[in-house]
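The primary structure of each chain is shown beneath.
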Amino acid sequence: MMLHLVLFPLMFTYMVVGLMPDEYFRQKIEIITETRDSLSEPVDAAMPFLDQYEAIWNSAKTLSLIGMDAIGARNSDDVTKILKDLPERITTAYQASVENVRKCEESNTKEALKDATYNLAVFCISVINISRDVRVKPNDANSWRLMHDHAKTISEVANSIRQVLIQSGSGIQACIETIGTIARITENLETMQMLARDGTLESTGDPFPNHREDMSGAAKRLVGAARLLVNGAISSNQEQVKDAAMTAEKTISDLANAVKSGVISLSIDDVGTRSLLLNGGTDVAKALSNILEFTKNAFGKSPNDASWDKLYSSVKELVNIVRSFLETIESV
């Protein structure tokens, strides 16, 4: 009976306040420690660094975002949920980060990644410990200050991992960023197409021929940028791929702007021609995105790897799409 009287209030506190027993936090800390200590253990099948690039980048980004969530937890309306989920989120993200780094083939880059990931464990453990303290004593300013400082360090160390990746894979990173830019461009063009179909896309009334050369010139330049991407991948030259990706990003942006200007110069009733131009611009953008993706995948691979065939085929596809788009432009 006495045991019941002691345990019931404790269980009630866990249920109502959302606290978790010390064992839960100890388990998370043990998992992180064991995971950290496995960094130097061999893996069954190591992969080239560039094959793991995006996975390492994404796991580091996740840890950085978790750190930012922890920093802002005190002022959040969801503070209880954030603190409750924090130990599990940190543990899962750290495990993923270690696993991705372990899969890389040995290199100077891997050693730098291992060092940063090893050091990250200390601050992950600290934030897990402090998250328990601030849940028990939510008004303790010192605990919140420690939470802020250590969570900030998680974000900083995770970002340093991303800097190692950028320095070692500048071309690959440029491809990833340009793919993101193209996704936003295609979304914008597709939105304009919906407005054109609905008859709500306004017309400036200026002459279409003013924009024809801008569209044609940008489309032609994209073919040249695609060839530069292929040449950079063939020579395994990160800087060359980076420069080509940046050129491609600027050129596809120029093309999108020219297409939009050309489309809104046409009459609001000319829905068919407007749709043809917007469709053509979108198709060119998506074809370029495929080339960037395949460039990234083929980089550093042997000449016999299947990824090269996909890259070469994607360039041919872009050439065909650009040719068709140029015919559309000339027909308007």
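By convention here, each chain's residues receive numbers from 1 onward along its written sequence. In keeping with the predicted nature of the model, local features appear solely for residues at pLDDT of at least 70, side-chain atom pairs appear and are counted solely at 80 or more, and the whole-chain, interface and lining totals rest on all residues. Hydrogens and water are ignored here; the side-chain numbers use all heavy atoms of the structure.

1. Some details on the overall build of the protein
Per the convention used, a helix needs a DSSP run of H or I reaching at least four residues, while a strand needs a run of E reaching at least two, with both numbered from the N terminus. The helix and strand tally for the protein stands at 11 helices and 0 strands. Ordered by position in the sequence, the α and β elements of the protein form the string α-α-α-α-α-α-α-α-α-α-α. All radius of gyration figures rest on C-alpha atoms, and the globule criterion is 2.2 Å times the number of residues raised to 0.38. Scaling as 2.2 N^0.38, a compact globule of 332 residues should have a C-alpha radius of gyration of about 20 Å, whereas the protein reaches 26 Å, well beyond that. Principal axes of the C-alpha set define a box for the protein whose edges measure 90 × 50 × 30 Å. Counting across all 332 residues of the protein, residues that qualify as buried make up 45%. Considering only contacts within the protein whose residues lie at least 6 apart along the sequence, 82% involve residues at least 24 apart. Accessible surface area values rest on a Shrake-Rupley calculation with a 1.4 Å probe, where residue burial reflects the displayed protein chains alone. Taken as a whole, the protein presents about 16,700 Å² of accessible surface, with 53% of it coming from carbon and sulfur. In summary, the charge assignment counts Lys and Arg as positive and Asp and Glu as negative, without counting His or the chain termini. To locate a charge, the coordinates of NZ of Lys, CZ of Arg, CG of Asp or CD of Glu are taken. Side chains of the protein carry 34 positive and 44 negative charges; the gap between the two charge centres is 2 Å. For every residue, the accessible area (1.4 Å probe, protein chains only) is compared with the maximum for its type, and the residue is labelled buried under 20%, exposed over 50%, or partly exposed between those bounds. Any pair of residues with heavy atoms lying within 4.5 Å of one another is described as a contacting pair.

2. Details of unusual backbone geometry
Negative phi values dominate among residues other than glycine, just as trans dominates among peptide bonds. Even without being glycine, S236 reaches a positive phi, approximately 55°. With respect to the element layout, S236 can be found in the loop between α8 (209–234) and α9 (238–265).

3. Remarks on the nonpolar core
Each nonpolar core is a collection of buried residues, namely Ala, Val, Leu, Ile, Met, Phe, Trp, Tyr and Cys, held together in the definition by side-chain atoms within 4.5 Å. I90, M147, I252 and L255 are the most contacted members of the largest nonpolar core, which totals 94 residues. Sequence-distant contacts of I90, that is, excluding residues within four places in its chain, are made with I32, L63, I66, C124, V127, I128 and I154.

4. Here we look at the pattern of salt bridges
For side chains bearing opposite charge, pairing can occur when the charged atoms are close. For salt bridges, the criterion is a side-chain nitrogen of Lys or Arg within 4 Å of an Asp or Glu carboxyl oxygen. Under the definition given, this model contains 13 salt bridges. The partner of R145 in a salt bridge is D149, with the nearest N and O atoms 3.4 Å apart. Of this pair, R145 and D149 are both found in helix α6 (residues 141–168), 4 residues apart, which corresponds to roughly one turn of the helix. A salt bridge links E293 to K296; its shortest N-O distance comes to 2.9 Å. Remark: K296 and E293 occur in helix α10 (residues 271–298); sequence separation between them is 3 residues, near one turn of the helix.

5. Here we look at α8
Along an α-helix, residues three or four apart share an orientation, since each turn contains 3.6 residues. Given a rise of 1.5 Å per residue, 26 residues ought to cover 38 Å, and the 39 Å separating the end C-alpha atoms of α8 matches this to within 8%. Just downstream of α8, S236 is the residue with a positive phi angle, here 55°. A helix is expected to span 1.5 Å multiplied by its residue count minus one.

6. Quick word on the environment of V271
Mapping V271 onto the fold places it in helix α10. Residues V271 and R36, 235 residues apart in the sequence, show an inter-C-alpha distance of 60 Å.

7. Overview of the confidence of the model for the protein
Scored from 0 to 100, pLDDT records how confident the predictor is in each individual residue. With 94% of its residues at a pLDDT of 70 or more, the protein shows a mean pLDDT of 87. Segment residues 1–19 is flagged for pLDDT under 50; beyond a separation of four residues in sequence, or across chains, it makes 11 contacts in the model.

8. Brief notes about the packing of aromatic side chains
The pairing test for Phe, Tyr and Trp rings, Trp by its six-membered ring, is centres within 6.5 Å, and the orientation test on the planes gives stacked under 30 degrees, edge-to-face over 60, and tilted for anything in between. For the structure shown, the criterion picks out 3 aromatic pairs. Aromatic side chains Y53 and W57 sit 6.5 Å apart centroid to centroid with 10° between the ring planes, which places their arrangement in the stacked category. Pair noted here: Y53 and W57 are both in helix α3 (residues 49–71), with a separation of 4 residues, about one helical turn. By definition here, charges over rings are those cases where NZ of Lys or CZ of Arg is within 6 Å of the ring centre and within 35 degrees of the ring normal. The ring of W57 carries the charged tip of R162 above its face, separated from the ring centre by 4.5 Å.

9. What to know about the environment of E317
Within the secondary structure, E317 sits in helix α11 (residues 306–331). Residue classification places E317 among the partly exposed residues on the basis of a relative accessible area of 39%. Along the primary structure E317 and V284 are separated by 33 residues, whereas in three dimensions their C-alpha atoms are 9.4 Å apart.

10. Observations regarding the environment of M68
Turning to its location among the elements, M68 is positioned in helix α3. With 80 residues separating them in the primary sequence, M68 and H148 have C-alpha atoms 8.9 Å apart.

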